Amino acid sequence: MAHLNAMPTMEAGQDRTMILNMGPQHPSTHGVLRVILEIDGENVVRIMPDIGYLHTGIEKTCEAKFYQQVVPLTDRIDYLCPLTNNLCYVLAVEKLLGLEIPSKAQWMRVLLNELTRINSHLVWLGTHALDIGAMSVFLYCFREREDILRLFEMVSGQRMMTSYFRIGGLALEPPIGFFDKARDFIRRFPSKVDEYENLLTGNPIWGMRTKGVARISAEDAIALGASGPTLRGSGVDFDLRRDMPYSGYENFKFKVPISQEGDVFARYMCRVQELRESNAIAQQALDGMPEGPIKADSPKVVLPDREKMKTQMESLIYHFKIITEGFAVPEGEVYQAVESPRGEMGYYVVSDGTAKPYRVHMRAACLANLQLLPAMCEGRLIADVVAAIGSIDIVLGEIDR
Amino acid sequence: MPGTPAITDIEQLKDHPAVIRLLASSSVVVEGAKFDREEMSIYVHRGSIRDACVQLRDDPGCPFNYLSDVTCVDWYPQEPRFEVIYHLLSISQRERVRLKVRLSGSSPSLESITSIWPSANYFEREVYDLFGVRFEGHPYLRRILMPESWDGYPLRKDYPVEGYR
């Protein structure tokens, strides 16, 4: 595996090659990724991603906040799947606390997570196709994404920075009419996926730009830490939702799409099929949505209902205590991983027994996936670099944190 | 909310595949183990992290063939100050294990595992960038998130949250 390791300093040296900067302001780098290319004509000799332009020190900031104050920060790591970040963090803290979450809250979390996955994959599909030159897909994808964002707004009051999952349950009861709207969307959505597939899957130009491009073997993908659709596109059958279930995923039946080829098209197929599977999971979550409370019965951790605070002294006191002092979390450490739209998102939370986390580390799926780029692109054309970057679905906010 | 207390007696943990494998290996010095909240942590001596990783990756029964994450915790002002933490995953057996290496506060360093898992490349660079832990044998140990010219290591506990002004 030595060929995967080379990461030399980039200097224009030999006579034939030149150094070219792609980004940090290039439209196809989805944020501020800078890719340094050594090129020989149109051929890429070496490639080196340069990251850190969006580094905001979120991990450091978390150490200065109460546990519940970290939730809004997690939204801002990956702006395409804030609810997945919320979920991963709250699951980690709930594991530290040993909290039992009521089943309605768990099912709501699954429902919203799958909608988030659809939302994220739609942005990926639109921008990825746009990068390669298929403009119209973008418009269709963002049409459906808008519907999902409206659902998020209904349930949490926010389109993107939702912070809807709280330690111990959900922030609010889902509003009247939410389930009908969600059901309506889920009913319509499969035909929309057909629309995208009509535009792309059989399209010969799309095929030529993606098939056989940026190929990566299963062995290399594992060695380089790939996860999510990037790993499954290389034929590794592993999905945390099915294989190491969390938040009640063991109650759902779904297929994990895999492709064997390991090229851009394989990863495209994986994600497009995931759109359909996620829709099916969301349907199951809606059909089987249990009744009951949305918050765990743990007054020292979970904020009381607004109504109770007006009538019950204890609720008022607990509210005051949680807001001003936070709540102490028993000493320990947990690593909680969830299947985000991009792969294995993990939160490693260390508690020293106080009300503020001693250390919060986010395992960013994109950071690991980005390491595949040199193995994918070296020896290929510059145009393939654009296809390869799109196919690993990077979000720079998550990479840089 | 009480959970079951952590098990730290290594004799009781001998049925975990990773513990069996590491104890059976002559080149790995195991300093302790902890089973807490359904998660297994094994403390390994600083010099044997590479061997421990190779042993676990090549375990025929339960191959921990996937490196999920490398990170670090600063326990300032305690000594040993740093804990470098490796999260390994067995894709086939759906099992996780956490390896930990304790390092002293003065010029902390340990061997890089990039030759075992190339994915450690960025993870180790990140730990170096934010904690100042050096990984010997890393092919390209330079700052990854902070600017090249940055002074100090931001995630150390003696580094202020607002930064130096």
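These lines cover the structure that appears in this document, whether it is placed above or below.

Each value, and the rule that gives it
- Every residue gets a number counted from 1 within its own chain, in the order that chain's sequence is written.
- For naming, the first written chain is A and the first written ligand is 1, with later ones following in the order written.
- Owing to the predicted nature of the model, reporting of local features is limited to residues with pLDDT of at least 70; listing and counting of side-chain atom pairs is limited to 80 or more, with chain, interface and lining totals taken over all residues.
- Helix axes use the C-alpha atoms of the stretch in contact, all axes being lines fitted to C-alpha atoms, and the angles between their N-to-C directions lie in the range 0 to 180 degrees.
- Helix and strand definitions follow DSSP, with helices as H or I runs of at least four residues and strands as E runs of at least two, each counted in order from the N terminus.
- Just so you know how the angles are binned, under 35 degrees is roughly parallel, over 145 roughly antiparallel, 65 to 115 roughly perpendicular, and the rest oblique.
- The handedness criterion is simple: a crossing whose near helix is rotated anticlockwise from the far helix by less than a right angle is left-handed, and one whose near helix is rotated clockwise is right-handed.
- Contacts here follow a simple rule: the backbone-placed C-beta atoms of the two residues must lie within 7 Å.
- For this classification, Asp, Glu, Lys and Arg are treated as charged, while Ala, Val, Leu, Ile, Met, Phe, Trp, Tyr, Cys and Pro are nonpolar and the rest, including Gly, are polar.
- Residues enter a nonpolar core if they are buried, belong to Ala, Val, Leu, Ile, Met, Phe, Trp, Tyr or Cys, and are joined to the set through C-beta atoms within 7 Å.
- Exposed residues have 12 or fewer other C-beta atoms within 10 Å of their own C-beta, buried residues have 20 or more, and residues in between are partly exposed; the C-beta atoms are placed from the backbone.

1. Observations regarding the packing of helix α11 (residues 264-287) of chain A against helix α16 (residues 382-391) of chain A
Residue and element names in this part refer to chain A. Closest axis-to-axis distance for the α11/α16 pair is 10 Å, and the angle between their directions is 30°. The angle between the axes of α11 and α16 places the two elements in the roughly parallel class. Crossing angle aside, the handedness with which α11 passes α16 is left-handed. Here V264, R267 and Y268 of α11 lie close against α16, whose contacting residues are A387, A388 and S391. Each residue belonging to the contact of α11 with α16 can be placed in one class, and the counts come to four nonpolar, one polar and one charged.

2. A short note on the nonpolar core
Core analysis: the biggest nonpolar cluster contains 164 residues, and A:V93, A:A388 and B:V84 have the highest contact counts within it. For this core, the leading source of residues is helix α4 (residues 103-132) of chain A, giving 14 residues. Other than its neighbours up to four places away in sequence, A:A388 contacts A:A214, A:V264, A:L373, A:M376 and A:C377.

3. Re unusual backbone geometry
Omega for the peptide link from B:Y76 to B:P77 comes to 0°, which places this bond in the cis form. Positionally, B:P77 belongs in the loop between β3 (66-74) and β4 (82-90). Along the chain, B:E79 connects to B:P80 via a cis peptide bond; the corresponding omega equals -10°. If you trace the backbone, B:P80 turns up in the loop between β3 and β4. In this model, A:S247 sits at a positive phi of 50°, which is unusual for a non-glycine residue. As for its position among the elements, A:S247 is in the loop between α10 (240-243) and α11. On the neighbour-count criterion, A:S247 (22 C-beta atoms within 10 Å) is buried. Residue B:E38 is not a glycine yet carries a positive backbone phi of 65°. For B:E38, the location among the structural elements is in the loop between β1 (30-36) and β2 (39-44). According to the C-beta neighbour criterion, B:E38 is exposed, with 10 such atoms within 10 Å.

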